[in-house]
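# Overview (structure and organization)
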Amino acid sequence: MLCGLPRPSFAALWRKTNAIKTSKYNPFTFLPLNLFEQFQRIANAYFLFLLVLQVIPQISSLSWFTTVVPLVLVLTVTAAKDATDDIVSKCVLLFPVLRLRSEKWMDVQVGDIIRLENNQFVTADLLLLSSSEPLNLVYIETAELDGLYNLKPAVSPLSRTLTYAGQKYPLDNEKILLRGCTLRNTEWCFGLVLFAGPETKLMQNSGKTTFKRTSIDRLMNVLVLCIFGFLAFMCTILAIGNCFWEMNEGSQFMVFLPRQDGNNAAFSAFLTFWSYVIILNTVVPISLYVSVEIIRLGNSFYIDWDRKMYFSRYNTPAEARTTTLNEELGQIKYIFSDKTGTLTQNVMTFNKCSINGKSYGDVYDYTGQRLEITKHTDTVDFSFNPLADPRFMFHDHALVEAVKLEDPEVHAFFRLLALCHTVMAEEKKEGELFYQAQSPDEGALVTAARNFGFVFRSRTPDSVSIVEMGEERSYELLAILDFNNVRKRMSIIVRSPEGKLCLYCKGADTIIYERLHQSCSKLMDVTTEHLNEFAGEGLRTLALAYKNLDEEYFNQWKQRHHEASTELDNQESKLDELYEEIEKDLLLLGATAIEDKLQDGVPQTIEQLSKANIKIWVLTGDKQETAENIGYSCNLLREEMNDVFIVSGNSPEDVRQELRSVKRLYHFKRTLGKGVKLIADELVNGEYGLVINGHSLAYALEGSMELEFLRTACMCKAVICCRVTPLQKAQVVELVKKYKQAVTLAIGDGANDVSMIKAAHIGVGISGQEGMQAVLSSDYSFAQFRFLQRLLLVHGRWSYLRMCKFLRYFFYKNFTFTFVHFWYGFFCGFSAQTVYDEWFITLYNLVYTALPVLGMSLFDQDVNDVWSFQYPQLYIPGQLNLYFSKKAFFKCALHSCYSSMVLFFIPYAAMHNTVRDDGKDVADYQSFALLTQTCLLFAVTIQLGLEMSYWTAVNTFFVLGSLAMYFAVTFTMYSNGMFLILPSAFPFIGTARNSLNQPNMWLTILLTSILCVLPVVTYRFLFIQLCPTINDKVRMDLLPKQHLPPPPLRTRIRRTSSRRSGYAFSHAQGYGDLVTSGRFLRRPALSGSSGFANIGRTTTGFSPMGRSAGYSPTGRPQNAKVPDDTTNKAILHKNILILYF
C-alpha cells in the first residue's frame, strides 16, 4: 500500500520540489510589485509629484491632505482588487500522495518513488515502474492536458529500459506519465519522479503570466502625457502673464501687499507656475481611476450573474476571473480557438447508413414525406438484444426489421463493423460491456453493431469473439492492415468458424471506390447519392467493402507479408505494396454516416461572430482531415467560399511557394514594403479559407516567412492550423499581436491551450469537462463555446460602450471645470486664485458628479441583448476604436474649451457692475463664484442626459439626487450657523440665499445651459441625417419595432455540401500491431453465454457507452443527471484514455 523506499541523495542536491504557483504575487512581493505596477500609470506618479509640491507653502494654495486622501484611496482600492483577482487565480495543490508517509504535492521531489491510486492525478512527470494490471498496463486520462481521448499505446520499461543483465536499454517518451493526467481503471501504480514543479512538461508549456492591460489603458497613458504637456502650456502662459502683471500693475499694490526681500517679478512668475500646476491638476482627476475600477468591477459582476451563461448540466456559471479587461471584450478582432472539447463534445453518433443501395436512418409518414427527427420521435426497440446499449437511439425501424429477417447484406454490414476495428472490450461482470476505443468514430460504429445484434465481446492476439444474433462465434485473426494518413482505410483478414477466409475493409469512400470490382458500378452510383446526402447534412461518411480470399493465394501473400515486415530497409513501402495488392476487387457493402457532436450552438455562434467581422482561427493538435471536417460542420468553412487553400509543404521553399500561389489569387488593396511595423487589413474580392498543417506552420513562423504567412492568413475569412504544438499556438497568437493592430482572444479547455490563453490579450477557459488548467490561467471562463457570443456581443460591447462614454464625459466635465480657472486667471491678476468655492472644488468629483456618471457607466445600453444578437454589426465600431480615440479626445477638449468660455464669460458679463433688485448689494466675487459653479453643474448634467441612451429609475435618481444634493449642501455650508462654527472654513456666509433668489441669476443659468448644449444638439442632428453610424441606423430601425417582440434566433444551421468526410479522423497509425502483439490486452473477458436467451432485456447495473447512438469513451450516460459524488463527477465529466505500460 505504501512505498518505503528512501529518498535518493541526488534529490537533496537538486532541491526540485513539486510546488507550483499560478499567482502573480506572494505576501512578501505583493506591496512592492503592486505599487510598481500602479505607478506605471503616469497619472498616479503625477499625483505623487503634486503631493510633494503641496507641502511647499510658498507654492500651494490648497492643503496637502486634499491630494493624499484621494491618492491613498485609489492605491488601496486598486491593490485590494488586484489581490482579490490574484487569489481567485491562485492554484493550491494539496492532494495527498501516498508514500512511506502521506505528503502534499508540493513536497514531492525529483527521485521520489510514489504510489498513485485509481482516480488520482499524476503528481509529477513520472517513469512508470509497475502497476496492478497485467503486463504493467495503466489506464490514464489526458483530457486535462490536450482534451483528446484517443488511446496511446506504451509499455512499462522497467525490465527493458534500465541497465539490466549487463545491458543498457533506452528510455523514451512513451514510458512517461505526465503531470496533469488522471489514473483511471487501475488500482495502483508506482512511478519514479523525473521532473517536478515548474520543470514538468505541463508547466514548461504554460508560458509566463504577464500583466495584461487594455488598449484603453495604453491610450490613457498617451493621453495623460498630452494632458501634462497642455497643463504645462497653460501654466506657462499664466506664469508669463503674472510676470508682466507684476511688472506693470503689481507695484501699485505694494502698499497693501509688500513683497518679501528678493522676490521679484520673475520669481513670482516661477511660484505662480507651480501654484497653477496644483490648481489646474483637475485636468487629470485622480477620481477618474477610482471610477474606472468601480465600472469594471460592476460589469464583471454582470458576467458572473448572467443566468443565460449558466450551464446547468455541470452547475457551472460564467466567471470573470479578472476585472480589468471587460472593455477589451468589445474590441476583439481575432479569436484563436482549440477544437476538441472547445468546439466539439468528442461524441460520435451513428445516425444513418446505406446498405446494398438502400438508405436507413430517416423517418417517413404514411404519405412518404420525410419527418424531422426530434426527441419525441419513436425510437427502435432493441429489447430482443439483452446486450444492447440501452442509451443507443435509432429511429428507423426498417433497419432492425431487416436484421431480424436475416437479410444477408445487412448481416454482412454489421459483421464487418463488429470485426474490423481495434476496439478493446472489458467485461468485469456478465453482460456489462465497456468499450475502450482508440477513436470515438470506432466506438460509435462498434456500439451500433452491438445494438443491431452483432456484439463485439472480446479479442486475443489471434482471434476476435463476437455474438451474432445470440450465437457466440470466434473468428481467427490472421492480419490487420493498419490505418495511416495516406491509406485512409483499415482492413482485417479473418477466418470464420466455417473456415472461410474474408477481408473486411472500411475507409474514406473515395479510397474504397478506387479498389472496387467492376460489378459494383451500379451499387456505387446509388451509394454515392446517399453519401452526397449524408455529407450535405454535415455527417462523417465511411465506405465498407469486403472480399473473399483464396486459401492458397493468402498463404503466399502472408509469407511475403512476413518477409516485408522483418525488412530493415523500406519496410513501410513494401508493406504498402502488399496492402495495395490484396485490397483490390473489393465488393461494396454500403456506407455509414456518423455525426461528430458539436457543442450546442457552435455553428450559430461562429456565424454571429463572423457577421461581427471577427476572424476565427482554429489551432488544434488533430490531423488535417479532422480539423477540416469540423470546420465545415461548425460553419467555419462553407461551400459558398471562393476557395479553401491547403498549405502542406515539407520544406521552406515548398511552403513559401504555396503561400505565394495563394496570394496571386487575391486582389490586394495595397502592398507593404520592408521594415513594416504593422500589417493593415487589405481588401480581398471574395471569401477564402486557409488550412495549414503543423510542419508547414513551423516553416511559416520563421522570421523570413512570418510576414508573408500572416498577410496571406489575415485575408482569409477562416484559418485552421492542424497538428500544432502548444508552443506553436502561442507563437501564432504572438505573431498576430506583433503585426496587427487588433485585439486577440484565445479560448481553450486543456493544459495544452494555456500558453495560447496567456499570450492573447484576452484568455477564455472552457470549464466543465477537461479539468481546470485552462480555467486557472484564463481571464474569463464558462462551460460552453456558445456563451462566447454573449460574452462579446453583449457584455463586451456594452462594457466598451459604457467605458468610452464614461471617459468622454469625464474628460468633458473636468476640462470644462478646469478651463474656467484658466480664463479667470486673466481677470484676477494671475494670482492663482480659484474661481470656485473651495468646498465645491472638493465635492465636485466626489459628490456632485460622481453618481450620475457611474449610473450611466453601469446601466447604459444602446440596444438590449436580444437586438445585439440580431444586429451583430453593432460590434464593428469597437474594433475600429470609433467610440474613444485620440481624435475623440481632442474633440472632447475643444467642446470643453467652448463650454468653459460660455460658463465664464456669460456669468461674468451678467454680474459685471450689477446690483440686486432692491439695490442693496453690489455683485461680488462670492456671488460670481456661486453663479459660475451652478451654471457649470447644470451644463454638465444636461450633457450627461444627452449622452445617456437608456434611462432607468436608478439613473434618474442619481441625476436628480445629485442636483438636490448640490443645493442642500450649498445652502447648508453658506448658512450663518456653519460660519459661526468655523468662520475660516465657511466664508461664503449668506451668499446662496442672497443670490439664488434673484431672477437674473436663473436667467443666466438657463442661458448658459442652452448655449453649452446647442452646438452638441445641432451637430448630432446633422450627423445623424447626413452621415449616420451603424448605431444610429439600428436605433432608427428599431424605433417602430420597440413595442414588438424580437424575432427568434435560428436554432439550427443545416449545411448543404458535396464534400465527403474521411476515415476515422482521430485514428492513429500503428495500433494494429499492438492488437496482434498481445501486449495491450487487459484481463480476459468473462466466459459465459451469449445472453440471447429469452430472458428479456436487462439494464440493471449497465454502464452504456453513448448518448443517442453516440459513443463517448468514458462510458458515461450523456443525458443522465450528474451524481453528487465528486469522484463519480470527475469520471463522468471526462473520457478515458488508456496508456499501455
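Residues numbered from 1 in each chain as written. Predicted model: local features only at pLDDT ≥ 70, side-chain atom pairs only at ≥ 80, totals over all residues. Heavy atoms only, no water.

### Concerning the overall build of the chain
Basically, it comes down to this: Secondary structure elements are taken from DSSP: a helix is a run of H or I of four residues or more, a strand is a run of E of two residues or more, and numbering for both begins at the N terminus. Only protein chains enter the calculation, and the probe is 1.4 Å; a residue is then buried if its accessible area is under 20% of its type maximum, exposed if over 50%, and partly exposed in between. Working rule for contacts: check all heavy atoms of both residues, and any pair within 4.5 Å makes them a contact.
The helix and strand tally for the chain stands at 38 helices and 32 strands. When each of the 1141 residues of the chain is scored for burial, the buried share is 58%. Counting contacts in the chain only where the partners sit at least 6 residues apart, residues at least 24 apart contribute 77% of the total.

### Remarks on the packing of aromatic side chains
Test applied: Ring geometry is summarised as follows: Phe, Tyr and Trp rings, the Trp one being its six-membered ring, pair when their centres sit within 6.5 Å, and such pairs are stacked at plane angles under 30 degrees, edge-to-face over 60 and tilted between the two. Comment: the charge-over-ring label is applied if NZ (Lys) or CZ (Arg) is within 6 Å of the ring centre and within 35 degrees of the ring normal.
Per the stated rule, a full pass over the model turns up 62 aromatic pairs. With a centroid separation of 5.1 Å and an interplanar angle of 50 degrees, the aromatic rings of F806 and F810 are classed as tilted. Taken as a pair, F806 and F810 lie in helix 25 (residues 787-825) at a separation of four residues, close to a single helical turn. The exposure class assigned to F806 is buried, which follows from its relative accessible area of 0%. For F810, a relative accessible area of 2% puts it in the buried group. Taking the ring centre of Y435 as reference, the NZ or CZ of R450 above it sits at 5.5 Å. Lying over the aromatic face of F810, K813 brings its terminal NZ or CZ to 4.1 Å of the ring centre.

### Digging into the pairing of strand 26 (residues 688-693)
Using the following cut-off: Two strands make a pair as long as DSSP finds a minimum of two bridges between them.
With respect to burial, strand 26 is a largely interior element, six of its six residues being buried. Of the two faces of strand 26, both are covered, the one formed by Y688, L690 and I692 as well as the one formed by G689, V691 and N693. With five bridges joining them, strand 25 (residues 643-647) and strand 26 adopt parallel strand pairing. Residue pairing in the sheet places V644 in a bridge with G689 of strand 26. Note: strand 26 against strand 27 (residues 718-722), five bridges, orientation parallel. From the neighbouring strand, I692 faces strand 27, where its bridge partner is C721.

### As for the layout of surface pockets
What counts is decided by this rule: Think of a 1 Å grid over just the protein atoms. A cavity is a set of points where a 1.4 Å probe fits yet cannot get out, a pocket is an open set with protein on both sides within 12 Å along at least five of seven lines, and lining residues have an atom within 4 Å of a point. Grid points are joined across faces, edges and corners, and a volume is the space filled by probe spheres set on the points.
By volume, the second largest pocket is sized at about 1,800 Å³. Forming the walls of the second largest pocket are 46 residues, and the residues nearest its centre are R808, E947, R1020, T1029 and D1032. Those elements that place two or more of their residues in the lining of the second largest pocket are helix 25, helix 30 (886-911), helix 31 (925-947), helix 35 (999-1026) and helix 36 (1030-1038). The element best represented in the lining of the second largest pocket is helix 35, accounting for eight residues.

### A closer look at the UniProt feature "binding site: Mg(2+)" (unreviewed entry) in the chain
Applied cut-off: UniProt positions are given in the numbering used here, feature names are shortened, and annotations may be inferred rather than shown by experiment. In protein, a polar contact means a hydrogen-donor-capable atom and an acceptor-capable atom, both N or O and within 3.5 Å, with residues adjacent in sequence counting only if both atoms are side-chain atoms; elsewhere, any N or O pair within 3.5 Å suffices.
Under the UniProt annotation, "binding site: Mg(2+)" (unreviewed entry) lies at D338, T340, D749 and D753. Considering the C-alpha atoms alone, the annotated residues occupy 416 residues of sequence yet fold into one spot, their largest mutual distance being 11.0 Å. Under the relative-accessibility criterion, D338 is labelled buried at 2%. Filtering out sequence-adjacent residues up to four positions away, D338 remains in contact with L343, L619, T620, K729, I747, G748, D749, D753 and M756. Relative to the elements of secondary structure, D749 occurs in the loop between strand 28 (743-748) and helix 23 (754-759). A relative accessible area of 0% places D749 in the buried class. A distance of 3.3 Å separates polar atoms of two side chains, one belonging to D749 and the other to T342.

### Focus: the environment of F195
Mapped onto the elements, F195 comes out in strand 8 (residues 188-195). Sequence spacing of F195 and A124 is 71 residues, and the spatial spacing of their C-alpha atoms is 6.3 Å. Non-local contacts of F195, meaning those with residues more than four positions away in its chain, are made with V110, A124, D125 and T200.

### What about a nonpolar patch on the surface?
Just so we agree on the cut-off: Patch construction takes residues with relative accessible area above 30% that form no salt bridge. Like charges are linked within 9 Å, and nonpolar side chains (Val, Leu, Ile, Met, Phe, Trp, Tyr) are linked within 5 Å. Each accessible area is a Shrake-Rupley estimate made with a 1.4 Å probe; only the visible protein chains count as cover when residues are assessed. Salt bridge criterion: a side-chain nitrogen from Lys or Arg within 4 Å of a carboxyl oxygen from Asp or Glu.
A cluster of nonpolar side chains, namely F826, F827, M901 and F905, defines an oily patch on the protein surface of about 350 Å² accessible area. Within the secondary structure, F826 is located in the loop between helix 25 and helix 26 (838-848).

### Details of the pattern of salt bridges
Summed over the entire model, instances satisfying the criterion amount to 33 salt bridges. Where R489 meets E580, a salt bridge forms, and the shortest distance between an N and an O atom there is 3.0 Å. With R489 in strand 20 (residues 489-495) and E580 in helix 16 (residues 571-582), this residue pair connects regions lying 91 residues apart in the sequence. One salt bridge connects E687 with R638, and the closest N-O pair in it is separated by 2.4 Å. Of the two residues, E687 sits in the loop between helix 19 (652-663) and strand 26 while R638 sits in the loop between helix 18 (624-633) and strand 25, which places them 49 residues apart along the sequence. On the basis of relative accessible area, R638 is assigned to the buried category, the value being 19%. Within this structure, R487, R489, E514, R515, E580 and E583 form a network of salt bridges that share partners.

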